[in-house]
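Below, each chain spelled out in residue letters.
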Amino acid sequence: MTDLTPLALLSNGASLPWGEVPSFPVHELVDVLAADLERGGRLCSFFGVPADSGTELVAVVAFDADSLLAIGRSQPFQGAFPSLTPRHPQAHLFEREIAEQCGVTPEGHPWLKPVRRTEERAPFNAPFFRVEGGEVHEVAVGPVHAGIIEPGHFRFQCAGEDVISLEIALGYQHRGIERALLGGPHRATLIQVEAIAGDASIAHTTAYATLLESLAGTEAPLRAQWLRAVALELERLANHTGDIGALANDVAFLPTSAACGKIRGDFLNLTAMLCGNRFGRSLVVPGGCRRDVDDATLTSMAERLRKALADTAEAVAWFWAASSVRGRFERTGIVSTAQASDIGMVGPAARASGLVRDVRFDHPAGWHRFAQLPVAVWPDGDVFGRARVRSLDLQRSGAYLEDQLQSPVDSELRTELSALRPERLAVSLVESWRGEVCHVALTDHQGRFAAYKITDASFHNWFGLALAMRGTAISDFPICNKSFSLSYCGADL
Amino acid sequence: MKAPKTSYVIDSLRHRLVTGCQTMAYPKGPPPSLPERHGGALKLDVTKCAEGCSACLPVCPTEAITLGEGGSVSLDLGRCVFCAACVEACPTGAVSFTRDHRMAARRREDLVLGPGDQTELRLADALDAKLRKLFGRSLKLRQVSAGGCAACEADTNVLGTIGWDLDRFGVQFVASPRHADGLLITGPVTRAMELALKKTYDAVPDPKIVIATGACAIAGGPFVGHPEVLGGAAALLPVDLFIPGCPPHPLTILDGLLRLLDRLEERSKEK
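Everything quoted here is computed from the prediction, not taken from an experiment. (Residues numbered from 1 in each chain as written. Chains lettered and ligands numbered in written order. Predicted model: local features only at pLDDT ≥ 70, side-chain atom pairs only at ≥ 80, totals over all residues. Heavy atoms only, no water.)

### Description of unusual backbone geometry
Right, so step 1: Cis geometry is adopted by the peptide bond preceding Pro127(A), which originates at Ala126(A) and carries an omega value of -5°.
Right, so step 2: With respect to the helices, strands and loops of the structure, Pro127(A) is situated in the loop between β10 (122-123) and β11 (136-141).
Right, so step 3: Across the junction of Gly184(A) and Pro185(A), the peptide omega takes the value 5°, indicating a cis bond.
Right, so step 4: Relative to the elements of secondary structure, Pro185(A) occurs in the loop between α3 (177-181) and α4 (189-194).
Right, so step 5: The backbone phi angle of Phe82(B) is positive, close to 55°, even though this residue is not glycine.
Right, so step 6: If you trace the backbone, Phe82(B) turns up in the loop between β3 (73-76) and α2 (85-89).
Right, so step 7: Look at Ala150(B): it is not a glycine, yet its phi comes out positive at around 90°.
Right, so step 8: Structurally, Ala150(B) can be placed in the loop between β6 (139-145) and α4 (151-157).
Right, so step 9: When its relative accessible area of 10% is taken as the criterion, Ala150(B) is described as buried. (Helix = DSSP H or I, 4+ residues; strand = E, 2+ residues; numbered from the N terminus. Buried < 20%, exposed > 50% of the residue type's maximum accessible area, 1.4 Å probe, protein only.)

Structure below.
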């Protein structure tokens, strides 16, 4: 596949000089991207970089089967460019973002509106998609929700109980992370990256640190890469366990809900054994990791991990044995394989729709070059499938961690980074528990960030939730939402 | 899928019998221990500062450390994300961890160490008698995330799990501001949430309280100074309790809530 693309090829975590990124007139770039996506490529990132005479678009396409990333850019232009979205819907949100950030227009985009622009103390979201008809009613939910969760607005068009269409409008969590990164790295950059999505701190800081190491022309010592891989799986275990508990709670299956709520804390506390913080703050730093862990702690971690995994297996088994749970999950909120592929879904949600997509497997970088995990896939694309993939992920991830804790690698923990090389582009993908996070950085002539693009898994997957709700009863929204468990702050940045 | 050998009904009941009650003894018993590498609160002893030393200033990512008049250092635990960079940078041990989980304060200035020989933060007093009478045994809170990264939200949610069981204190998170006695706010308060937060606050019946949880909600946290955020809940609303941390440990949040409601054993002993 990749021998056909005119784009520059790169492996995950690598960088290349900006001058070597092939440049096309913008309409040609769009055609090249369309052809690459036709060939099985997947759009990881698509954004605009300000140039002297307008905007240059930059695209990163993943060829998963070849473990390669393809990079291309447009020549600077102003005004309009032909939208890729009508041919490849996975570009839809990227193009809305480009229009908002760069003031250029993707012509032919079917639903061009802002992504996260704030006006009058709220996101500029109106008008919403509307279905007309005497029997149709509209339900508006949010931004402030009933539970302890982040804000977002959901606008349902319903006929009776059934949802005809759901529009998801975000932007409430926008706190200017990408803008603040320009000219960086700054003093606060690392803690801001930790807080892109606070439940996926390890994934985002690993992506960020890998970028910086690549731009500095080095890599983190193996011990640090190993420690990052350990922390990444702990993050996955905690979140998957918590979400399975929350799914159980949403169908009133309390034994699993009560047990998982507690076990989730056990996994968070394992992360705290590494760095003191339950969310992995201050662990991953550019150049390596900040704190090492001794053998006695590793032994103690392994014991506690074994106990927590056994507890999880027990609580999850009750859940799968209950026909009342299966009855609610099966054939609820379906996203077909074709839909998931068309809109570029990633992570457990994509795998639950039958797509083999996992950065740890497809684009191994860091420690995943040496120690791999199998990819958990399920064919049906319903809530059951998404829960099932989460529980399969839990098993594989647990087994992987047990192995890793028994065979730590010895090396330095941290290496000093030299100055970032100027005018280079670097790409880093990491499989967070939600799916792929993609960081792309471009340095200026002084080695500072001229552009920094962050794409959380949620950015790809929010539209999947909207599709899952079509034809689904609105009363099933909570379990559909929880089965995706997407990040608002990760999308809003 | 293979059916399990016994039914989940019997399995889960047996599990309950074997494990017993999983709710911690605290506050009647000792608090659960913080993770070994969790430093707890910070203290600052300016008398230990070396002459003219300002090694901690440039390493602080949120500029929580500043130089006051006469060159003396001050540390604002409201801004602090507890990354420990200052502790590592300090050559004399003037700034150090206390390992104490208790951090909640009633007034913003009580979190500022350094000036006026304040080496440690001043812990929160309880609500006044009238509010304590109203809320002491039943406090319903509406949580609003206003730019939070989901970590403060997650460790607030933890208080509802069986290990912590916040309900036993009569404290609950409710689904509507109309049912609430106050707000627990997380996040730096984005401009995009300003209207929604104000409307939610207005919808809570009087008298009401506001709790700012986490470095973001106190002062903006990692996003301090960004034009996209207001820089904490106090920029919009009167705040009755500040709970520092990034995110605060669940024990720190629980301590803050119980302290406010005068429900801690240690307080009754002190009186």
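### Brief notes about the packing of aromatic side chains
Residues and elements named next belong to chain A.
Right, so step 1: All told, the structure shown has 16 aromatic pairs over all chains when counted by the stated rule.
Right, so step 2: By way of ring pairs, the aromatic residues Phe154, Phe156, Trp462, Phe477 and Tyr488 are connected into one cluster.
Right, so step 3: The cationic tip of arginine 117 hangs over the ring face of phenylalanine 124; the distance from NZ or CZ to the ring centre is 4.5 Å.
Right, so step 4: Lying over the aromatic face of tryptophan 320, arginine 388 brings its terminal NZ or CZ to 4.8 Å of the ring centre. (Phe/Tyr/Trp six-rings, centres within 6.5 Å; stacked < 30°, edge-to-face > 60°. Lys NZ or Arg CZ within 6 Å of the ring centre and 35° of its normal.)

### Overview of the interface of chain A and chain B
Right, so step 1: Each side of the interface is counted separately: chain A has 61 residues, and chain B has 61 residues.
Right, so step 2: Around 4,800 Å² of area is buried between chain A and chain B when both sides are counted, 60% of it from carbon and sulfur atoms.
Right, so step 3: Its largest share of buried area at the contact with chain B, chain A owes to Arg121(A), Ile148(A) and Arg187(A), together 18% of the area lost on that side.
Right, so step 4: Counting every contact that joins chain A to chain B gives three salt bridges.
Right, so step 5: A salt bridge links Asp155(B) to Arg278(A); its shortest N-O distance comes to 2.8 Å.
Right, so step 6: Taken together, chain A and chain B are joined by 24 residue pairs in polar contact (both at pLDDT 80 or more). (Contact = heavy atoms within 4.5 Å. Buried area = accessible area lost by both parts, 1.4 Å probe. Salt bridge = Lys/Arg side-chain N within 4 Å of Asp/Glu carboxyl O. Polar contact = N/O pair within 3.5 Å; in protein donor to acceptor, adjacent residues only side chain to side chain.)

Remember, this is a structural readout, not a statement about activity or role.
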